[in-house]
Amino acid sequence: MPDNWNIAHLNSMISSKIEESNSLDYKASGAFFDGDKKKHDVRTEITKDISAMANSNGGTIIYGIAEYSDHARRHLPEKIDPISRSQFSREWLEHIISNIEPRIATVKIIPVEIPPNPDHVAYVVEIPKSTTAHQAMDLKYYRRYNFESVAMADHEIRDVMNRLRFPTLSVSASIGFNRFGNEGTLHFEIQNTSDVLAKDFAVIVHAP
């Protein structure tokens, strides 16, 4: 996803028909207000969707893009459906997200102005993959599955909570040569991408 979100990129996603996935979700402005729902239900739904993304592999939720209503195109973005920033501010959204337990510390909320009305925005919410399980306001745990947020089974919750128990290592390799093009050296780099100390590791190299 881009470092700097703007209206051009949102329009590009719509014209390119970038489909929803387990790491991308579109929400129309009705996600913040629906006459058929109480305000508590709206808050619960927001915490459900964001915690589900964190409990899975992380991802992005864009509030302010509507999907097609017909079944054949239901996961494709149809148009920008702007949100009133004066009615639903970034701070309002931050306050709702803060109700997730435990709190997701590194969530980013990026307002994207929708011209020509300076009050109209879309909110891009970038959610990291968590190292523990997060609970929505209805006291349930969710994960992303087939474009939806579904309740987690007990073993799934335990698996997510165990992410902090084991380190996550990534291995890369490169070959270097001298200026004559021979006497190459094979260089390995092992990086710990988790918060858990990796005391021991082993690398198996298969060479043809």
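Our subject is the structure that appears above.
Once a new chain begins, its residue numbering starts again from 1 and follows that chain's sequence as written. Selection of residues for local features in this predicted model requires a pLDDT of at least 70, selection of side-chain atom pairs for listing and counting requires 80 or more, and totals for whole chains, interfaces and linings are taken over all residues. To obtain the side-chain values, all non-hydrogen atoms of the structure were included, while hydrogens and water were left out.

A. How the structure looks around the overall build of the protein. For the protein, the count of helices and strands is 4 helices and 11 strands. The principal-axis extent of the C-alpha atoms belonging to the protein is close to 70 × 45 × 35 Å. Three labels apply to residues, based on accessible area from a 1.4 Å probe with only protein chains included: buried if under 20% of the type maximum, exposed if over 50%, partly exposed otherwise in between. Looking at the protein as a whole, 34% of its 208 residues are labelled buried. The criterion used for residue contact is that any of the two residues' heavy atoms lie within 4.5 Å. Considering only residue pairs separated by 6 or more positions, the protein has 63% of its internal contacts joining residues 24 or more positions apart. Across the protein, the centroid of the 23 positively charged side chains sits 2 Å from that of the 28 negatively charged ones. Runs of H or I in DSSP of at least four residues are treated as helices and runs of E of at least two as strands, each being numbered from the N terminus. Only four residue types enter the charge count: Lys and Arg as positive, Asp and Glu as negative, with His and the chain ends excluded. Where a charge lies is defined by one atom per residue type: Lys uses NZ, Arg uses CZ, Asp uses CG and Glu uses CD.

B. Geometry of a nonpolar patch on the surface. Where nonpolar side chains cluster on the molecular surface, the patch consists of L169, V171, I175, F177, L186, F188, I190, F201, V203 and V205 and spans about 930 Å² of accessible area. Among the secondary structure elements, those contributing two or more residues to the nonpolar patch are strand 10 (169-176) and strand 11 (185-192). Here the term patch refers to residues with relative accessible area over 30% and no salt bridge, with like charges joined within 9 Å and nonpolar side chains (Val, Leu, Ile, Met, Phe, Trp, Tyr) within 5 Å. Using a 1.4 Å probe, accessible areas were evaluated by the Shrake-Rupley method; residue-level cover was limited to the displayed protein chains. Salt bridges are defined by distance alone: a side-chain nitrogen of Lys or Arg within 4 Å of a carboxyl oxygen of Asp or Glu.

C. Just the nonpolar core, in detail. Core analysis: the biggest nonpolar cluster contains 21 residues, and I50, Y63 and V125 have the highest contact counts within it. Where this core is concerned, the elements lending two or more residues are helix 2 (39-55), strand 2 (59-63), helix 3 (90-97) and strand 7 (120-127). For this core, the leading source of residues is helix 2, giving 5 residues. In contact with Y63, not counting residues within four places along its chain, are K27, A31, F32, I46, I50, I83, A122, Y123 and V125. To form a nonpolar core, buried Ala, Val, Leu, Ile, Met, Phe, Trp, Tyr and Cys residues must be joined to one another through side-chain atoms within 4.5 Å. The next biggest cluster of nonpolar side chains, apart from the first, holds 14 residues, and it includes L10, I80, I110 and V124.

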